[in-house]
Amino acid sequence: MHWLALDVAAPFGLVVSGDGRERTGSPPAESPRLGDPRIGVHFRPLDTVALGVLVGARFWVPVGSPDAYLGDKNPRFEVDGAVTGASDDWLGGCSLGVSPLFFVPVGRSFHDGDRVALACALHAKLASIATVGIEPSVAVYANRDRPRLDPEDDTVGRSFRVQVEPLAAARLRIGDFRVGLAVGPGFGSAAGTPAFRNVVTIAYVGAGEQEKPPPPPPPDADLDKILDANDACPRQAGPDSKDPKKRGCPSTDRDADGIPDEEDFCPDENGIPHPDPNANGCPDSDNDQLPDPVDSCTTEPGPAPEGCPKNARLERDGFRLAAPIAFDARTNSLTPASRVTLEEVAATMRANPKLGQVSVSLAVKGLKPEIADKRAQELFLVFRQANLTDERFEVVIREDLKAGTVDLRLVR
């Protein structure tokens, strides 16, 4: 996976010379020695040839030889990151490794040799498989000071030592293998700083590949979900159609009622859909779901097919009721027929905002107050449940008229 890199590395000292007593208390190795293997895990949040970024960590496994400055029997880890880049003529990058314990206050857990290290490389391309350049590095090490003279004081102090190595290098790429040679002096007071170092590197690099992007979708220039190959108007978005000549072409809808003009019997008036082609898209003045061309009562809501109310018809001077409004004598509730009549009155009032107010007079003479109140509430709730606003209706209690009479009057 191109975004994940795992690496395992191990230093191997072929020839080591010099005085090793400063750190190990023993002379340097007289034969080759293996150092602490290192395991790295890194992620690539940015992975391009021109610029790449890696972040991760590297861990030391304490099994190497300490007498050749390649290990010290202490487990270590560093948080590190790198930036890389390349062009037609050069390639390079820098990495920074930081041991978190480098910043821990001195104590028993302090590790001699924790560091902050920066290494860079800049190579010129000689050929497709060979490069030469420089690989300087600088590191700051935490160094354990000698114990204090007080035998009761077992704490230790620390100082910091610097190591600098400006190396010249050449690298060769052979398939998935990399071979490198670097030489140069060392400067600084850190343990293990060489007078002169020769470094040979051999590596195998796995061929991680970037995920291939999915193939582009078939062209749909106007994004109307109809492919250009099947779109009669590929540059204008439009709905699908059974007619190949109209598929994907925009529909004109002058009145913006969602019904295309070619299907709208009233293309300049906002209307409602209807199966009758001679009424489809025409206005519904009384909101009874019947367009005006097929509605026999355009100002009075009513059921299909005529669209007229059955019990309460609007006339010039008020409402004409098919039967008087009545209450059930046992329950003091409106009879079913009377409730339907009042609901038709409320629907007509709602469909005609210019009608002022309907006034309902309730005769209660001879009724107990609680019965009169119940009947008044019945009338009130019918209009309220029909979503008629308070100013469009009123219920008037008439104590001067004998109970059993309900009169409707339209107040213009």
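One structure accompanies this document, and this report is about it. Per chain, residue numbering runs from 1 following the sequence as it is written. Reporting in this predicted model follows two pLDDT cut-offs: at least 70 for local features of residues, and 80 or more for side-chain atom pairs to be given and counted; totals over whole chains, interfaces and linings ignore these cut-offs and use all residues. As a convention, hydrogens and water are excluded, and side-chain values are obtained from all of the structure's heavy atoms.

1. As for the overall build of the chain
Our working rule: Numbering goes from the N terminus for both helices and strands, where a helix is a DSSP run of H or I of at least four residues and a strand is a run of E of at least two. Accessible area is worked out with a 1.4 Å probe on protein chains only. A residue is then buried under 20% of its type maximum, exposed over 50%, and partly exposed in between. Surface accessibility follows the Shrake-Rupley procedure with a 1.4 Å probe radius. Residue values consider only the protein chains on display as shielding.
For the chain, the helix and strand inventory stands at three helices and 18 strands. Per-residue burial for the chain yields a buried fraction of 33% across its 412 residues. Accessible area for the chain stands at about 25200 Å²; split by element, carbon and sulfur atoms hold 59% of it.

2. What about the nonpolar core?
We apply this condition: Residues belong to a common nonpolar core when they are buried Ala, Val, Leu, Ile, Met, Phe, Trp, Tyr or Cys residues joined through side-chain atoms within 4.5 Å. Residue contacts are defined here by distance: any two heavy atoms, one from each residue, within 4.5 Å place the two residues in contact.
Core analysis: the biggest nonpolar cluster contains 25 residues, and Leu342, Val345, Met349, Phe383 and Leu408 have the highest contact counts within it. For this core, the secondary-structure elements that each account for two or more residues are α2 (336–351), β16 (357–365), α3 (369–385) and β18 (406–411). The greatest single-element share of this core, amounting to five residues, is contributed by α3. The residues touching Leu408, leaving out its near neighbours within four places in the chain, are Leu321, Ile325, Leu342, Val345, Val358, Ser359 and Val360.

3. As for the side chain of Ser359
What counts, and what does not: We call two N or O atoms a polar contact when they sit within 3.5 Å, provided that within protein one can donate a hydrogen and the other can accept it, with sequence-adjacent residues counted only if both atoms are side-chain atoms.
As for its placement among the helices and strands, Ser359 is situated in strand β16. Exposure remark for Ser359: the relative accessible area of 2% places this residue in the buried category. Within polar-contact distance, the side chain of Ser359 engages the side chain of Glu394 at 2.8 Å. Ignoring any residue separated from it by four or fewer positions in sequence, one finds Ser359 in contact with Glu394, Val396, Asp407, Leu408, Arg409 and Val411.

4. Side note on unusual backbone geometry
Residue Pro305 follows Ala304 across a cis peptide bond; omega there is 10°. Summarising the element assignment, Pro305 is placed in the loop between β13 (196–204) and β14 (312–315). At Asn387, a position not held by glycine, the phi torsion is positive, near 60°. By the element assignment, Asn387 lies in the loop between α3 and β17 (393–402). Since its relative accessible area comes to 62%, Asn387 is described here as exposed.

5. Considering the state of the cysteines
Using the following cut-off: Cysteine sulfur atoms are paired as a disulfide whenever they come within 2.5 Å of each other.
Evaluated as defined, the whole model comprises four disulfides. Through a disulfide, Cys266 is tied to Cys282; the S-S separation comes to 1.9 Å. Judged by the sign of its S-S torsion, about 80°, the bond between Cys266 and Cys282 is right-handed. Here Cys282 lies in the loop between β13 and β14 and Cys266 lies in the loop between β13 and β14, a separation of 16 residues in the sequence. A relative accessible area of 12% means that Cys266 is categorised as buried. Assessed through its relative accessible area of 0%, Cys282 is described here as buried. Between the sulfur atoms of Cys297 and its disulfide partner Cys308 the distance amounts to 1.8 Å. Residues Cys297 and Cys308 are joined by a disulfide whose S-S torsion is about 90°; by sign, that bridge is right-handed. Taken as a pair, Cys297 in the loop between β13 and β14 and Cys308 in the loop between β13 and β14 lie far apart in primary sequence, 11 residues in all. Residue classification places Cys297 among the buried positions, given a relative accessible area of 6%. Each bonded cysteine of the chain is numbered by sequence order, and under that numbering the disulfide pairs are 1-2, 3-4, 5-6, 7-8.

6. Comments concerning the environment of Asp255
Relative to the elements of secondary structure, Asp255 occurs in the loop between β13 and β14. Taking C-alpha positions, Asp255 is 6.0 Å from Pro267, a pair spaced 12 residues apart along the chain. Not counting residues within four places of it along the chain, the set of residues in contact with Asp255 comprises Asp264, Cys266, Pro267, Asp268, Glu269, Asn270 and Gly281.

7. Topic: a nonpolar patch on the surface
So the rule is basically this: Two distance rules govern patches: like charges are joined within 9 Å, and nonpolar side chains (Val, Leu, Ile, Met, Phe, Trp, Tyr) within 5 Å, applied only to residues with over 30% relative accessible area and no salt bridge. By salt bridge we mean one thing: a side-chain nitrogen of Lys or Arg within 4 Å of a carboxyl oxygen of Asp or Glu.
Together, Ile129, Leu172, Ile174, Phe177, Val179, Leu181, Val200, Ile202 and Tyr204 make up an exposed nonpolar region whose accessible area comes to about 890 Å². Of all the secondary-structure elements, those providing two or more residues to the nonpolar patch are β10 (158–174), β11 (177–185) and β13.

8. A word on the sheet that holds β17
Which entries qualify depends on this criterion: Here the rule is simple: two strands pair whenever DSSP picks up at least two bridges between them. Only C-alpha atoms enter the line fits that serve as axes; for helices the fit covers just the stretch in contact. Angles between N-to-C directions range over 0 to 180 degrees.
The strand order across the open sheet built from three strands is β17-β16-β18, with neighbouring strands paired in mixed fashion. Each end of this open sheet is capped by a strand with a single partner; those strands are β17 and β18. The mean inter-strand angle of the sheet, taken between neighbouring strand axes irrespective of direction, is 25°. Across six bridges, β16 lies against β18 in antiparallel orientation. If you follow Ser359 over to β18, its bridge partner there is Arg409.

9. A short note on the pattern of salt bridges
One side chain can pair with another of opposite charge once the charged atoms of both are near each other. Evaluation of the coordinates by the stated rule reveals 16 salt bridges. One salt bridge connects Asp7 with Arg58, and the closest N-O pair in it is separated by 3.3 Å. Here Asp7, found in strand β1 (residues 4–9), pairs with Arg58, found in strand β5 (residues 52–60); they are 51 residues apart in sequence, far enough to count as distant. The class of Asp7 is partly exposed, set by a relative accessible area of 25%. A salt bridge links Arg58 to Asp80; the nearest nitrogen and oxygen atoms lie 2.8 Å apart. Of the two residues, Arg58 is situated in strand β5 and Asp80 in strand β6 (residues 76–86); the sequence distance between them amounts to 22 residues. Using a relative accessible area of 11% as the deciding quantity, one classes Asp80 as buried.

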